[in-house]
Amino acid sequence: MDDARQWLQEHGVPLLMEKGLKALVDEKPEDPVLFLANFYARVHREQTVVRPVARKAKSVKIEINVSEETPEKINAGSLASIVRSDTRSVKIVDVRHSIVGGHIKGAVHIPSHDILPNAAELAKQWATECEALVFTSAQSPDLDQLAATAVMQALREQSCNMQVYVLSGGFIGWLHYYKQDPALTESYDPAVWEATDTGAGVPRENAVKKALHDAQVTNCHNETQARRWSAKGLHVSVPDPPPEGISLSALAVLIEQCQGTLVVDVRLDPVCSIVSSVQLSAEGIAANASTYAEQWKHLNTIVIISSVSPDLDLTAAVPLQHALRDIGSETMVLIASNGMKGFINQFGKDPKLVENYDEVAWGKQNSTSADELSSSPTAGDSQATSSTQGQRPSAAGNGRAPPKNGGKAHKKAMTVAVPDAPSILTKAELVAIMQAVPQTASPRRSRFIIVDVREPEELKCGTLRGSIHIPSRDILADVPKYAAMLKEYSLVCFASTASPDLDEACAVPMMLCLRELQADTEVFILMQGIKSCYDNPMLMVGFNPGEARLRRQSVDLACPAPAPVAAKKRHNVLDLHIGIPESAQKLPPQQLALLINSGCHDSFAVVDVREGPGGKASGRSARIANAVAIPHSEVTQDPASLAAQWADKDSVVFVSTQSPDLDATAASSVLTALRDIGSNAQVFILHGGMVAWQSLYGGDPKLTVTTD
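Asks: Please explain the overall build of the chain as it appears in this structure.
Replies: Scanning the chain for helices and strands turns up 26 helices and 33 strands. A total of 708 residues make up the chain; the buried ones form 51% of that total. Pairs at least 24 apart in sequence give 73% of the contacts found in the chain among residues at least 6 apart. Approximately 31,900 Å² of the chain is accessible, and the part contributed by carbon and sulfur atoms is 52%.

What follows is the structure, given as structure tokens:
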């Protein structure tokens, strides 16, 4: 058993399984098996190097790198308790470009663009100064995730297991609870975060949306790589999001069209190259971003590619994107998912896409790079996609050829069978492809086609430019017929009004049928569906806003919303008054251990609701340090008196043997009572319950108390 447990830990299997089960519980899908299949397929697209396709099979063997570690989230209540304790064991790092308007007390301000190139040095310094790091940005995930991931990787390369977190909800979420508390928030300036249009404060989030909507109106200027938007007296610093990824198949379509698209190769030692690409250094682009922005401002799309991603491509793409926005250019900057290694594995033998390809030379360089990555203290083994920076990864990596890695085994990887699932095509990728494909071209002149699977009456709302219409019922009635037609394309994107919906219902059987035909066709579904494109006239043809509105209203009438839940107060982070009942959140055991070790016992409460004989408090032999034992029956009988007792706490954590169990119902009753008396105390249930706690901290007397 010890060997088995060690193997599971070394390969990250518990974390992988926990993420899947957490997503399953959060979504509660009708078909758990299909949901998990799609979930692990998405994990594969984020973290795999190559996925060889198994022909004539309904599942494929994929190689998943489960050694990748990403920062955990810490909630505002837990962090508030740590800040109150004035402990030096936790360092808070604010990575915003500017902290004008306020910051968390005790936080150090280091902009993300200063952290990324110096992650190794900062990791070495912080490893001796604190026991945990918390990164925060205006929102999350955003720049905080980007900086935290870089520092975490550097810490692990230095054999340091320090805990690294990002603040859930970012600084905006923090302000909802603690903007008026000087013990937690310093230099708070409401003028920066609120606009007073009609005398009442408008949440910053709404004000920013209004400012962005109004401006094409607004002047913008650069301030330490952040944009400041101004509309009706509002001045808010809004940093650009990190560049999105583009799938390798979508990139192939752009290269073949060669209209308004530039591929920039920033590799240090290129053996072969993409057709019509330019070779530049990432450092040169970053240092002269304004010059290159002026030169490329009339292009539709710029794709930055490096050996792997994210790597030098992100170093070049971020400053270039800022520079383009500063001169008012709408040119899209994308990074190639999985980098040049993935592209060569998929298209290396296609002379229309790759120049000077030498299989022997490429194999030698790939083998050398793998050796360097495994031994380098700075390169690591990262194959993460843009999701590790808080973005949804564009689904690349549906490889069509065996991995060409010189026979090297991928570090700490495992092979599991996961049913194939369609990839996701983002709106940004669709825009890039549409800009590259001539509007007069017939669909068959390109390697890309969109299949609109809506019902005929839905076409009155408008159609996607260049798409063909095949109702979903026709496809499902004769999948082999349409597979034979679509196998001539490299990319097939199914689109419905919303997604996933009819698009996924068609995409899954079509993909399996194409595999049986041994077709090199990659199947996508359009992220968020056709309705996400209504606002883009370049994508839509014949869009009818009135018809779209009528159809939306008819759907609302056909599916009336459930009766609103009675609640005296309705809360969420941004004060949006939505009739959705609040529920207790899950608190990881590691965060609770961090709270207890920080010594901030007065600012949170741990409530053990396990019951013994006769409904009394459980007399079991172990409990969490400083926990108070109150049986579940007593909590649910009089939650109001307990809520009054805990109203001033930052957090209340309920614990049962397993979770969710008695802890969930107890937490729900107390949460309602807390909101009824106007308390913002956050309520949690301990993830995994006492079973998980004892497996982690059962032998630590500071965290677990053994009773007779």
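Asks: What is the right way to look at the sheet that holds strand 3 (residues 90–94) in this model?
Replies: Strand pairing in a sheet is mediated by backbone hydrogen bonds. Such pairs are either parallel or antiparallel. The strand order 2-7-6-3-5 describes an open sheet built from five strands, whose pairing is parallel. Two strands lie at the open edges of the sheet, namely strand 2 (72–74) and strand 5 (108–109), each paired on one side alone.

Asks: Mind showing me how you'd approach the pattern of salt bridges here?
Replies: Side chains that differ in sign of charge can pair as their charged atoms come close. A complete count under the given rule lists 10 salt bridges for this structure. Between D94 and R96 there is a salt bridge whose closest N-O contact spans 2.7 Å. A network of salt bridges, in which partner residues are shared, links R84, D181 and D650.

Asks: Would you mind going over the nonpolar core with me for this structure?
Replies: A general trend in soluble globular proteins is that nonpolar side chains are found buried together. The biggest cluster of nonpolar side chains holds 46 residues, and the ones touching the most others in it are L251, F343, L430, F448 and L464. Elements that contribute at least two residues to this core include exactly helix 11 (248–257), strand 16 (301–305), strand 17 (332–336), helix 15 (339–347), helix 17 (427–436), strand 21 (448–452), strand 24 (491–495) and strand 25 (522–526). In terms of residue count, helix 11 provides more of this core than any other element does, seven residues in total.

Asks: Is there a simple way to explain unusual backbone geometry in this structure?
Replies: Leaving glycine aside, a negative phi is the common case for residues, and trans is the common case for peptide bonds. Here S159, not a glycine, exhibits a phi torsion of approximately 60°, which is positive. By the secondary structure assignment, S159 is in the loop between helix 7 (143–157) and strand 7 (163–167). Residues other than glycine seldom take positive phi values, yet N626 does so here, at roughly 70°. Locating N626 in the fold gives a position in the loop between strand 29 (622–624) and strand 30 (628–629).

Asks: Is there a simple way to explain the pairing of strand 7 in this structure?
Replies: Here is the key point about a regular strand: its side chains alternate between the two faces of the sheet. Counting buried positions along strand 7 gives four out of five residues, so the element sits mostly inside the fold. Where strand 2 and strand 7 come together, three bridges link them in parallel fashion. Bridging across to strand 7, I74 finds its partner in L167. Taken together, the four bridges between strand 6 (residues 132–136) and strand 7 define a ladder with parallel strand orientation. Paired with L133 across the two strands is V164, which belongs to strand 7. Where the polypeptide runs from strand 6 across helix 7 and back to strand 7, its parallel neighbour, the crossover connection is right-handed.

Asks: Can you help me understand helix 7 in this one?
Replies: Every α-helix winds through 3.6 residues per turn, so residues three or four apart in the chain are directed the same way. For helix 7, built from 15 residues, the straight-helix expectation of 21 Å at 1.5 Å per residue is met to within 8% by its first-to-last C-alpha distance of 22 Å. Counting buried residues in helix 7 gives 12 out of 15 residues, a clear majority hidden from the surface. The set of residues buried in helix 7 consists of L143, D144, Q145, L146, A147, A148, T149, A150, V151, M152, A154 and L155. As for helix 7, its buried residues are in contact with helix 5 (112–115), helix 6 (119–127), strand 6, strand 7 and helix 14 (312–326). Looking at the residues trailing helix 7, positive phi occurs at S159, about 60°.

Asks: I'm lost on the pairing of strand 6 in this one. Help?
Replies: The element strand 6 is extensively covered by neighbouring structure, given that five of its five residues are classed as buried. Covered by surrounding structure in strand 6 are A132, V134 and T136 together with L133 and F135, the residues of both alternating faces. For strand 3 and strand 6, the ladder comprises five bridges, and the chain directions are parallel. Bridged to D94 within strand 6 is T136.

Asks: Any chance you could explain the sheet that holds strand 24 here in plain terms?
Replies: As summarised here, the arrangement of the five strands in space is 20-25-24-21-23, forming an open sheet in which the pairing is parallel. Pairing within the sheet leaves two strands with one partner each, and these edge strands are strand 20 (423–425) and strand 23 (468–469). Looking at chain direction, strand 24 and strand 25 are connected through four bridges and run parallel. Considered in strand 25, the bridge of V492 is made with V523.

Asks: Just checking my understanding: could you explain the side chain of T301 for this structure?
Replies: Tracing the backbone shows T301 in strand 16. The residues contacting T301, other than those within four sequence positions of it, are L254, G260, T261, L262, T331, M332, L334, A432 and Q435.

Asks: What is the right way to look at helix 25 (residues 662–676) in this model?
Replies: With 15 residues, helix 25 extends 22 Å between its outermost C-alpha atoms, agreeing within 8% with the 21 Å of an ideal straight helix rising 1.5 Å per residue. For helix 25, the complete set of buried residues consists of D663, A666, A667, S669, V670, L671, A673, L674 and R675. Among the structural elements, helix 23 (632–637), helix 24 (639–646), strand 31 (651–655) and strand 32 (682–686) are those in contact with the buried residues of helix 25. Downstream of helix 25 by a residue or two, G678 has a phi angle that is positive, lying close to 80°.

Asks: Would you mind showing me how to read the packing of helix 24 against helix 25 here?
Replies: The relative placement of two packed helices comes down to the angle between their axes together with the axis-to-axis distance. In the contact formed by helix 24 and helix 25, the axes pass within 8 Å of each other and the chain directions differ by 65°. With respect to the hand of their crossing, helix 24 and helix 25 are arranged in right-handed fashion. Contacts from P639, A640, A643 and W646 in helix 24 reach S669, V670, A673 and L674 in helix 25. Per-class residue counts for the contact of helix 24 with helix 25 are seven nonpolar, one polar and no charged.

Asks: Please clarify how the packing of helix 13 (residues 289–296) against helix 14 should be interpreted in this entry.
Replies: Where helix 13 contacts helix 14, the two axes come as close as 8 Å, and the packing angle between them is 60°. Taken as axis vectors, helix 13 and helix 14 run oblique relative to one another. The two elements helix 13 and helix 14 cross, and the hand of that crossing is right-handed. Counting all contacts with helix 13, which are made through A289, S290, Y292, A293 and W296, the residues of helix 14 involved are P319, L320, A323 and L324.

Asks: Any chance you could explain the environment of S81 here in plain terms?
Replies: Of note, S81 is situated in helix 4 (residues 76–85). A polar atom in the side chain of S81 sits 2.9 Å from the side chain of S603.

Asks: When you look at the packing of aromatic side chains in this model, what are you seeing that I'm missing?
Replies: Under the defined criterion, the tally for this structure stands at eight aromatic pairs. Relative to Y178, the ring of W174 has its centre 4.8 Å away and its plane inclined at 55°; by these criteria the two rings are tilted. In this pair, W174 and Y178 are both assigned in helix 8 (residues 170–178), four residues apart and thus about one turn of the helix distant. Neither W174 nor Y178 differs from the other in exposure class; each is buried.

Asks: So what exactly am I meant to see when it comes to the environment of Q590 here?
Replies: Looking at the secondary structure, you find Q590 in helix 22 (residues 589–598). Using a relative accessible area of 33% as the deciding quantity, one classes Q590 as partly exposed. Linking Q590 and Y697, residues 107 residues apart in sequence, is a C-alpha distance of 9.4 Å. Those residues within four positions of Q590 in sequence are excluded, and the remaining contacts are Q163, Y165, L696 and Y697.

The rules we used
Residues numbered from 1 in each chain as written. Predicted model: local features only at pLDDT ≥ 70, side-chain atom pairs only at ≥ 80, totals over all residues. Heavy atoms only, no water. Helix = DSSP H or I, 4+ residues; strand = E, 2+ residues; numbered from the N terminus. Buried < 20%, exposed > 50% of the residue type's maximum accessible area, 1.4 Å probe, protein only. Contact = heavy atoms within 4.5 Å. Areas by Shrake-Rupley, 256 points an atom, 1.4 Å probe, with all protein chains shown as cover. Pairing = 2+ DSSP bridges. Salt bridge = Lys/Arg side-chain N within 4 Å of Asp/Glu carboxyl O. Core = buried A, V, L, I, M, F, W, Y, C linked by side-chain atoms within 4.5 Å. Right-handed = clockwise from strand over helix to strand, strands pointing away. Expected span 1.5 Å × (residues − 1). Axes fitted to C-alpha atoms, helices over the stretch in contact; angles between N-to-C directions. Left-handed = near helix turned anticlockwise from the far one by under 90°. Nonpolar A, V, L, I, M, F, W, Y, C, P; charged D, E, K, R; others polar. Parallel < 35°, antiparallel > 145°, perpendicular 65-115°, else oblique. Polar contact = N/O pair within 3.5 Å; in protein donor to acceptor, adjacent residues only side chain to side chain. Phe/Tyr/Trp six-rings, centres within 6.5 Å; stacked < 30°, edge-to-face > 60°.

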